[in-house]
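Structural features, examined
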Amino acid sequence: AARSARAGVPALMVSVSAAEELVPGYAQRVRRLDARERGPQEAGMRVELVADVHRTKGTASNVLGLLRGADPGRTVVIGGHFDHLGHGDVGSLSPGQMGTVHNGADDNASGTAVILEVARCLAQGPRPAVNVIFAFWSGEELGLLGSEHWMNQPTVDLEGVVANINLDMVGRAESGKLQVLGAGSAGPLGGWAEAAAAVVGIDNQIQRSGSGVGGSDHQVFLRSAIPALHLFTGLHADYHRPTDDVDGFEEEGASQVARFVLELFGRLAQGPDFEFVASEPSENEQKVEGGFRSWLGSVPEYGYEGQGVLISGTSEGSPAERAGLLGGDILLGLGDVPFDNIYDLVFALQRYKPGDTVEVRFLRDGTEESALLTLLSRDVH
């Protein structure tokens with residue numbers, strides 16, 4: 001089934017049993033190829049494939065609000081996405097709960113709520129120094145579609161857009177920690193973020209690059225050479241699952257994030273002109289640039305803080321399931337890539353291509369084990 005296939009050419013995936021019927025001896029041939037053994041050259045065969053493709057189209061809308069400032073020639077965009085996964089399907093990390101509502105309280109109702117609160121506070125005056133666009137993007141989970149559309153058809157002159165503040169998953173801040181990505185995209189941003197955090201009393205973790213696991217709408221601005229910050233309170237075990245619901249929303253922490261945005265915006269609006277700086281990601285960030293490539297099918301526990309990658313289970317029919325991985329296993333490495341954290345898993349899935357057979361090493365009940373598996377495509381499975 002190709003639920004989200006993006007292949008550039010028509011592609012068909014069949015089970016081993018179906019391949020064996022079409023090409024007797026298929027499994028044995030694959031084992032020889034995996035072992036790099038030379039065998040007799042079998043004659044090829046021609047297969048005719050007929051596929052019915054049903055495409056669906058839908059309409060999505062961004063929601064924008066403009067608060068006019070004293071300087072109409074400068075604009076700050078404060079935004080975040082308001083779409084989520086609906087009833088699961090593509091993107092859900094609970095494949096056994098397809099059809100269950102994924103409310104996305106943290107991802108990204110939390111960002112949406114904070115933007116609304118910031119808009120309410122700024123609208124009560126005094127008049128801001130610059131124009132503010134409050135942007136609620138659609139289609140982020142499908143690939144930053146809403147923010148990309150606005151960037152291609154902007155409602156203001158992009159020459160006057162001085163910065164973007166993006167809020168995506170800011171509902172788990174009661175630990176007092178806030179990640180600030182993209183601080184290197186303009187000279188003064190890191191210092192302003194530090195000053196704002198000191199006023200609010202929140203521990204911000206500054207990251208110069210705007211990269212990370214997955215992506216968010218600030219990257220559209222960075223690609224267009226507009227300074228952008230991404231505010232984020234961290235991954236957790238409810239990420240992209242039905243359990244990301246309102247009972248996990250941390251109200252006081254989100255209030256702190258809203259105060260931080262107001263403090264930061266004040267410095268952005270009153271500060272001197274600044275230019276975009278293309279910052280280089282750190283070593284770990286370089287590893288994950290570009291997102292996933294191959295599909296393993298393990299379901300990580302994002303809240304795990306130990307070494308390796310703890311998984312809560314595997315996706316049905318995935319390489320991880322076929323290799324016998326179980327919930328509670330701690331992945332230690334894939335191929336020649338050892339795992340210290342989730343970033344190393346993402347890097348490994350970029351390093352190896354679909355079809356590669358690699359060894360996965362894991363810890364189960366305190367004992368290190370390993371298994372061979374063949375990676376598949378993450379988009380056609």
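Residues numbered from 1 in each chain as written. Predicted model: local features only at pLDDT ≥ 70, side-chain atom pairs only at ≥ 80, totals over all residues. Heavy atoms only, no water.

A closer look at the confidence of the model for the protein chain
- Looking at the protein chain as a whole, the pLDDT averages 85, with 87% of positions reaching at least 70.
- When pLDDT is averaged over each helix and strand of the protein chain, the minimum, 45, is found for helix α8 (residues 283-288) and the maximum, 98, for strand β3 (residues 130-137).
- In this model, residues 1-7 is a region of pLDDT below 50 whose contacts with residues beyond four sequence positions or in other chains number 15 contacts.
- Every residue in residues 283-291 is under pLDDT 50, and counting partners more than four places away or in other chains gives 19 contacts. (pLDDT = per-residue confidence, 0-100. Helix = DSSP H or I, 4+ residues; strand = E, 2+ residues; numbered from the N terminus. Contact = heavy atoms within 4.5 Å.)

Some details on the nonpolar core
- Within the largest apolar cluster, 42 residues are counted, with the highest numbers of intra-cluster contacts made by I78, F134, L167, L231, V257, F260 and L268.
- Elements represented by at least two residues in this core include exactly β2 (71-81), α3 (105-123), β3, β4 (161-167), β5 (177-181), α5 (189-200), β7 (228-232) and α7 (251-270).
- With 9 residues, α7 is the single largest residue contributor to this core.
- Residues in contact with L167, not counting those within four places in the same chain, are I78, G79, G80, N108, G111, V114, I115, L231, V257 and V261.
- The next biggest cluster of nonpolar side chains, apart from the first, holds 21 residues, and it includes L296, V309, L325 and L345. (Core = buried A, V, L, I, M, F, W, Y, C linked by side-chain atoms within 4.5 Å. Buried < 20%, exposed > 50% of the residue type's maximum accessible area, 1.4 Å probe, protein only.)

So, the layout of surface pockets
- In this model, the second largest pocket occupies a volume close to 210 Å³.
- E159, V161, V162, A225 and P227 are the residues nearest the centre of the second largest pocket, which is lined by 13 residues in total.
- Partitioning the lining of the second largest pocket into residue classes produces 8 nonpolar, 1 polar and 4 charged. (1 Å grid on protein atoms, 1.4 Å probe; cavity = no way out; pocket = protein on both sides within 12 Å on 5 of 7 lines; lining within 4 Å. Points joined across faces, edges and corners; volume = space filled by probe spheres on them. Nonpolar A, V, L, I, M, F, W, Y, C, P; charged D, E, K, R; others polar.)

Brief notes about α5
- Under the 1.5 Å per step criterion, the end-to-end length of α5 is 16 Å for 12 residues, consistent within 8% with the ideal 16 Å.
- Regarding α5, the residues found buried are L189, G190, W192, A193, A196, A197 and V200. Along the axis of α5, the buried positions cluster into a sector of 160°, meaning they face one direction only.
- Next to the buried residues of α5 lie β5, β6 (203-207), β7 and α7.
- With its phi angle positive at about 85°, G201 sits one or two positions after the end of α5. (Expected span 1.5 Å × (residues − 1). Arc of directions from axis to C-beta.)

Digging into the sheet that holds β6
- Spatially, 7 strands are ordered β1-β3-β2-β4-β7-β5-β6 in an open sheet, and the strand pairing comes out mixed. Either end of the sheet is taken by a strand with one partner, and the two such strands are β1 (63-67) and β6. Between one strand axis and the next, the sheet turns through 20° on average, direction left out of account.
- Where α3 meets the sheet, it contacts β1, β2, β3 and β4, and its direction lies at approximately 155° from that of β3. (Pairing = 2+ DSSP bridges. Axes fitted to C-alpha atoms, helices over the stretch in contact; angles between N-to-C directions.)

Quick look at the pairing of β4
- The buried count for β4 comes to 7 of 7 residues, which makes it a mostly enclosed element.
- Taken together, the 5 bridges between β2 and β4 define a ladder with parallel strand orientation. Pairing of T75 across the sheet is with V161, part of β4.
- In the sheet, β4 pairs with β7 via 4 bridges, with the strands oriented parallel. Note on β7: the bridge partner recorded for N166 is H230.

Considering the packing of α3 against α7
- Contact pair α3 / α7: the axes reach a minimum separation of 9 Å and the direction vectors enclose 50°. With respect to α7, the element α3 is oriented oblique. Crossing of α3 against α7: the hand is right-handed. Between α3, through V114, E117, V118, C121 and L122, and α7, the contact on the second element is made entirely by A254, V257, A258, V261, L262 and F265.
- The class makeup of the residues in the contact of α3 with α7 is 10 nonpolar, no polar and 1 charged. (Parallel < 35°, antiparallel > 145°, perpendicular 65-115°, else oblique. Left-handed = near helix turned anticlockwise from the far one by under 90°.)

Here we look at unusual backbone geometry
- For the peptide bond that leads from D107 to N108, omega is 5°, which places it in the cis range.
- You can see N108 is positioned in helix α3.
- Look at the link from G125 to P126: it is a cis peptide, with omega at 5°.
- Mapping P126 onto the fold places it in the loop between α3 and β3.
- Although it is not a glycine, A225 adopts a positive phi angle of roughly 60°.
- Within the element layout of this structure, A225 appears in the loop between α6 (218-223) and β7.
- On the basis of relative accessible area, A225 is assigned to the partly exposed category, the value being 43%.

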